[in-house]
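Breakdown of the fold
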Amino acid sequence: MVTIKNIGFIGLGNMGVPMATNLVNAGFSVQVYNRNAQKAKDFQQTVDIQVADTVASLVSTSDVIITMLSNDAAVQEVYGNLFAAGAGKASIYIDMSTVSPETTRQLAATAAEKGISYLDAPVSGSVKPATERQLIIMVGGDAAAFDQVQPVFAALGKSSTLLGASGAGNIAKLAINLFLGITIQGLSEAVVFAAKNGISAEDLLPLINNGPIGSGITKLKTSNIVNEDYTPAFALKLLKKDIGLAEAMGMDTPTGKALSATLIDAVEKGLGDDDMVAIHRYLTKFIS
Ligand code: NAP
């Protein structure tokens, strides 16, 4: 049984920064690595963390390593470097990025050969829930490792659920993001239709939010739509990545395919770095 005190954290993006901050606030000793080293140095000005120059150096100092990276390619590159670093102190690796279950299973198999437990633990919830320790963590992998890292998950989210073998966390996550994307596209289409016929977003959205079809996400994104503020919390290109992963696993349902077409075209038209709610911008600017 590992007593977890030292955590190596890799990936200081929109999600990584609040998550690493919460680990420090929960009392863990946190050492971070980020590809763009300046981001790690800037982060060190605000939070009591140590900065590593290489991912490999985390292997010898950490009890547990957590990654929060963009996509499959990033995760494969970083774990390649971790595995190449050889045996170290860390015996549990947790990838909290959203990636394909196939990549997860491959990396988990390599980790197992080295005696390391590998959990896929993607999260539901964006920057605000990450900041408020309200993430929902869905996990695939070994039950004993899942039990051991409970204090870590408790510092990051409001729930963690072991769903099955390696890859199960990412399967659940892709299903949730399919629903998320369809919801945002549906909401945007309703707003665009209303606006075209004389009802403003400002008037329509409270009606939606106050009724049975209002939800956490419709409420969260209302001010973005009303103010046409597409500052990224969850970048549209990342949602496109997730829907692409779902398609690669056989998602071929009508609304999901329509969502996929929207996201591909929106990225081609330069909206990939906007928040996913820029589906509204896409419909306003290019479709309607
Ligand atoms: P982000 O802001 O784009 O940050 C991505 C991080 O990955 C950065 O630290 C980046 O480093 C690093 N990275 C990318 N390629 C790399 C490589 N080849 N080698 C090393 N590091 C690399 O992404 P995010 O919004 O935090 O999302 C992270 C993950 O969580 C994604 O899988 C996303 O789908 C998932 N997720 C996001 C949200 C959300 O609302 N944002 C919610 C749930 C799940 P640099 O700083 O050097 O670029």
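Labelled according to an unreviewed UniProt entry, the chain appears under the name 3-hydroxyisobutyrate dehydrogenase, originating from Pedobacter duraquae.

**Structural notes on the site of the ligand**
In the neighbourhood of the ligand, 25 residues make up the surrounding shell, with Asn34, Lys39, Ser126, Ala233 and Lys241 lying closest. In the environment of the ligand, an oxygen atom lies 2.5 Å from a nitrogen or oxygen atom belonging to the side chain of Ser126. Computed on the free molecule, the ligand has an accessible area of 900 Å², of which 89% lies beneath the protein chains in the complex. Secondary-structure elements contributing two or more residues to the shell around the ligand are helix 4 (72-84) and helix 12 (236-248). A total of three residues in the shell around the ligand trace back to one element, the largest contributor, which is helix 4.

**Describing the nonpolar core**
Core analysis: the biggest nonpolar cluster contains 36 residues, and Phe9, Leu23, Ile94, Met96 and Phe153 have the highest contact counts within it. In contact with Phe153, not counting residues within four places along its chain, are Ile94, Met96, Leu119, Ala121, Ile137, Val139, Phe146 and Ser160. With 29 residues, the next largest nonpolar core counts Val191, Ile208, Ala266 and Leu271 among its residues.

**Notes on the pattern of salt bridges**
For the structure on display, the rule yields nine salt bridges. Between Glu132 and Lys128 there is a salt bridge whose closest N-O contact spans 3.5 Å. With its nearest N and O atoms 3.1 Å apart, the salt bridge here joins Lys221 to Asp275. In this pair, Lys221 sits in helix 11 (residues 216-226) while Asp275 sits in the loop between helix 13 (254-268) and helix 14 (279-287), placing the two residues 54 residues apart along the sequence. By relative accessible area, which is 0% here, Asp275 ends up buried.

**Considerations on helix 11**
For helix 11, every residue scored as buried is listed here: Thr218, Lys221, Thr222, Asn224 and Ile225. Contacts from the buried residues of helix 11 go to helix 9 (168-196), helix 10 (201-209) and helix 14. Just beyond helix 11, the residue with positive phi is Glu228, at close to 50°.

**Observations concerning the domain arrangement of the chain**
The domains assigned to the chain are domain 1 (6-164) and domain 2 (172-287). Here the C-alpha centroids of domain 1 and domain 2 sit 28 Å apart. Opposite the 16 residues of domain 1 that make contact, domain 2 presents 13 residues. Both sides together, the interface formed by domain 1 and domain 2 hides about 1000 Å², and carbon and sulfur atoms give 70% of it. Scanning the region where domain 1 abuts domain 2 turns up zero salt bridges. The interface formed by domain 1 and domain 2 holds three residue pairs in polar contact (both at pLDDT 80 or more) in total.

**Let's talk about the pairing of strand 1 (residues 6-10)**
Taken across its five residues, strand 1 has four buried, putting it largely inside the fold. The sheet contact formed by strand 1 and strand 2 (residues 29-33) spans five bridges and is parallel. Directly across from Ile7, in strand 2, lies its bridge partner Val30. Remark: the strand 1/helix 1 (residues 16-25)/strand 2 crossover connection has right-handed handedness. Sheet topology places strand 1 next to strand 4 (residues 64-67); four bridges connect them, and they run parallel. Each residue of the ladder has a partner; that of Ile10, found in strand 4, is Thr67.

**Quick notes on the UniProt feature "active site" (unreviewed entry) in the chain**
UniProt feature "active site" (unreviewed entry): in the numbering of this structure it lies at Lys173. Apart from residues no more than four positions distant in its own chain, Lys173 is found in contact with Thr98, Pro122, Val123, Ser124 and Met138.

Thresholds, definitions, all that
- Residues numbered from 1 in each chain as written.
- Predicted model: local features only at pLDDT ≥ 70, side-chain atom pairs only at ≥ 80, totals over all residues.
- Heavy atoms only, no water.
- Near = heavy atom within 4 Å.
- Polar contact = N/O pair within 3.5 Å; in protein donor to acceptor, adjacent residues only side chain to side chain.
- Areas by Shrake-Rupley, 256 points an atom, 1.4 Å probe, with all protein chains shown as cover.
- Helix = DSSP H or I, 4+ residues; strand = E, 2+ residues; numbered from the N terminus.
- Core = buried A, V, L, I, M, F, W, Y, C linked by side-chain atoms within 4.5 Å.
- Buried < 20%, exposed > 50% of the residue type's maximum accessible area, 1.4 Å probe, protein only.
- Contact = heavy atoms within 4.5 Å.
- Salt bridge = Lys/Arg side-chain N within 4 Å of Asp/Glu carboxyl O.
- Domains from an automatic or database assignment.
- Buried area = accessible area lost by both parts, 1.4 Å probe.
- Pairing = 2+ DSSP bridges.
- Right-handed = clockwise from strand over helix to strand, strands pointing away.
- UniProt positions renumbered as here; feature names shortened; annotations may be inferred.

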